[in-house]
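# Chain and residue survey
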Amino acid sequence: MCRRSGHEGRVTPIVAATVCLFSLVGVSEASLAQEKLLGTHAIGGGAYFESVVFGGDGVRQVAFAGMDTVRVRRATQLLLPVTVATPLGGGWRLDVTAFHARGTVTYAEGDRGGAELTGTLSGVSDVRLRASGHVLRESITLTVGANLPTGTSSLSSTELSTLRVLAAPGLAMGSSPVGAGFSGTFGAVYGREAGPWSLAMGASYEYRGRYQPVAALIAGAPSADFRPGAVVRTSIGADRLVGAHRLRLVAAADVFSDDKLRGSAQAAESGEVLPTLATVRLGPVFSGDAQLHLAARRFRDLILYSSYLWRAAYARDGRTAAGSSGQYLAGGVRAALPLTMTSDVIMAGEGRWHSGLGVDEGMPTAGVRSASLTLGIDGRRGLLSLQPYVRAQAGQLHQRGSGDDVRPSFVGLAGGLVLVSRF
């Protein structure tokens, strides 16, 4: 979703275009928020710890870490990200991002009373580079991105099973240190005025690396061992004042080319590699986002937002896979309350609902109903910005592919610290 903070005046087309482009090429909202704090040059780092504990005996998973059935009880992860930003001249800017992560999943063999075991996934991520700038009298914003293959691109059965938990969208945990191989993105956004609206229209092409297990698992593809095709994304954003408030809307669509797939999810879990090669085409993904920035007294920022995403079913060798489509809905409020002239209290509340996919019982395809609360501080002093935060969440999972209506509960706690220096 194209989002900005602060009580700005009228949004120019090029500003709207630039913000929408970051969404278009997959840059997170956290990166956007951090970039607004940066000066001409900037370096940022942080540490994040997150933990999720499942209720009862844990969440039942089949073909996990080479075992027939296990109960997943806990998941924890520590992330250490680093971001560097610098101008390149001519109105262009370069951003470089990487992180180190260590995730652990605790599980017990069998349905009841088994001894606890742990699976670990640790390492550095790929290095992501992004250069962006304006052309044609600043009416078009271009972004060129590259992914350097420094992350792990070969996983054991236990590591893949650990990834299936850490990368599950329903748990809303951070990124895992799994590489994607060399890949790249090229995007362009055109901005213009249309009456009271500022519009931004864009498109991007992504060449994906040869290893994309997270994308495969979340989409419910029958194996994580596949050679991915390309992705084309189109996006349109609109922004206008509504009285003293500001309304922002964006719609996007992702279309995938054919992927070549080997084996099955069960074969990948057990370490077996099947030679049979199939053609898989992931269904298109359509999303819509809305944000209302309220001009409220005593608040530096007060934002209401919602988002909706529909993932269409995928096809294998031309046949649509039953239960492979799903819906995702989220909404909430974010607020920044001034504490001093140079610091704010950050508060946020969010609710999420995912239908999940019915293709298997895996954690990545599980649906969810959850709520979270976040409390933090944004403190600024000279060239430094310090941002500590804590977040609590609770919810229920729904594994559509299990054939029953069991909805295991979970609670999560996360905390982190971000330090940014601009100079």
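## Looking at the pattern of salt bridges
All chains considered together, the criterion is met by 12 salt bridges. A salt bridge links R74 to E116; the nearest nitrogen and oxygen atoms lie 3.4 Å apart. One end of the pair, R74, is in strand β3 (residues 67-89); the other, E116, is in strand β5 (residues 116-124), and 42 residues separate them in sequence. Overall, the relative accessible area of 32% leaves R74 in the partly exposed class. For E116, a relative accessible area of 42% gives the class partly exposed. Of the charged contacts in the structure, one is a salt bridge between R93 and D95, with a shortest N-O distance of 3.8 Å. Among the residues examined, D95 registers a relative accessible area of 5% and is labelled buried. Overlapping salt bridges, with partners in common, bring together R300, D344, D378 and R380 in one network.

## A few points about the packing of aromatic side chains
Here the distance between the centres and the angle between the planes together describe a pair of aromatic rings. The final tally for this structure, using the stated rule, is three aromatic pairs. Between Y48 and Y389 the ring centres are 6.1 Å apart and the planes differ by 50°, which places this aromatic pair in the tilted class. Here Y48, found in strand β1 (residues 42-54), pairs with Y389, found in strand β22 (residues 384-398); they are 341 residues apart in sequence, far enough to count as distant. A residue is classified by how much of its surface remains accessible, and Y48, at 23% relative accessible area, is partly exposed.

## As for the pairing of β22
Bridge count between strand β21 (residues 367-381) and β22: 13 bridges; the pairing is antiparallel. Bridge pairing in β22 links S372 to Q393. Here β21 folds back onto β22, and the loop between the two strands holds two residues, one of which, G382, carries a positive phi near 60°. Bridge analysis of β22 against strand β23 (residues 409-422) gives 13 bridges, and the strand direction is antiparallel. Opposite A392, over in β23, you have L413 as the bridge partner.

## Focus on the nonpolar core
F54, V72 and L171 are the most contacted members of the largest nonpolar core, which has 27 residues in total. When residues of this core are traced back to their parent elements, those giving at least two are β1, β2 (59-64), β3, β4 (92-109) and α3 (157-166). Once you skip the residues sitting within four places of it in the chain, V72 turns out to touch F54, G58, V59, Q61, F64, V105, T106, Y107, V165 and M363. Formed by nine residues, the second largest nonpolar core is a distinct cluster that contains V280, L282, V285 and Y314.

## What to know about a nonpolar patch on the surface
Residues L148, F182, Y205, Y207, V232 and V255 make up a contiguous nonpolar surface patch of about 560 Å² in total accessible area. Note that F182 resides in the loop between α3 and β8 (183-194).

## Considering α3
When you tally the buried positions in α3, you get eight out of 10 residues, the bulk of the element. Residues of α3 that are buried include every one of S157, L160, S161, T162, L163, R164, V165 and L166, and no others.

## A short note on the side chain of S343
For S343, the location among the structural elements is in strand β20 (residues 343-354). If we skip the residues at most four places from it in the chain, S343 touches R300, P338, D378, G379 and R380.

## Concerning the pairing of β1
Where β1 meets β23, 13 bridges bridge the pair, whose relative direction is antiparallel. If you follow A42 over to β23, its bridge partner there is R422. In this sheet, β3 lies alongside β1 in antiparallel orientation, the contact comprising 10 bridges. Residue V52 lies in a different strand from β3, and its bridge partner there is A75.

Parameters and conventions
- Residues numbered from 1 in each chain as written.
- Predicted model: local features only at pLDDT ≥ 70, side-chain atom pairs only at ≥ 80, totals over all residues.
- Heavy atoms only, no water.
- Salt bridge = Lys/Arg side-chain N within 4 Å of Asp/Glu carboxyl O.
- Helix = DSSP H or I, 4+ residues; strand = E, 2+ residues; numbered from the N terminus.
- Buried < 20%, exposed > 50% of the residue type's maximum accessible area, 1.4 Å probe, protein only.
- Phe/Tyr/Trp six-rings, centres within 6.5 Å; stacked < 30°, edge-to-face > 60°.
- Pairing = 2+ DSSP bridges.
- Core = buried A, V, L, I, M, F, W, Y, C linked by side-chain atoms within 4.5 Å.
- Contact = heavy atoms within 4.5 Å.
- Patch = residues over 30% accessible without salt bridge, like charges linked within 9 Å, V, L, I, M, F, W, Y side chains within 5 Å.
- Areas by Shrake-Rupley, 256 points an atom, 1.4 Å probe, with all protein chains shown as cover.

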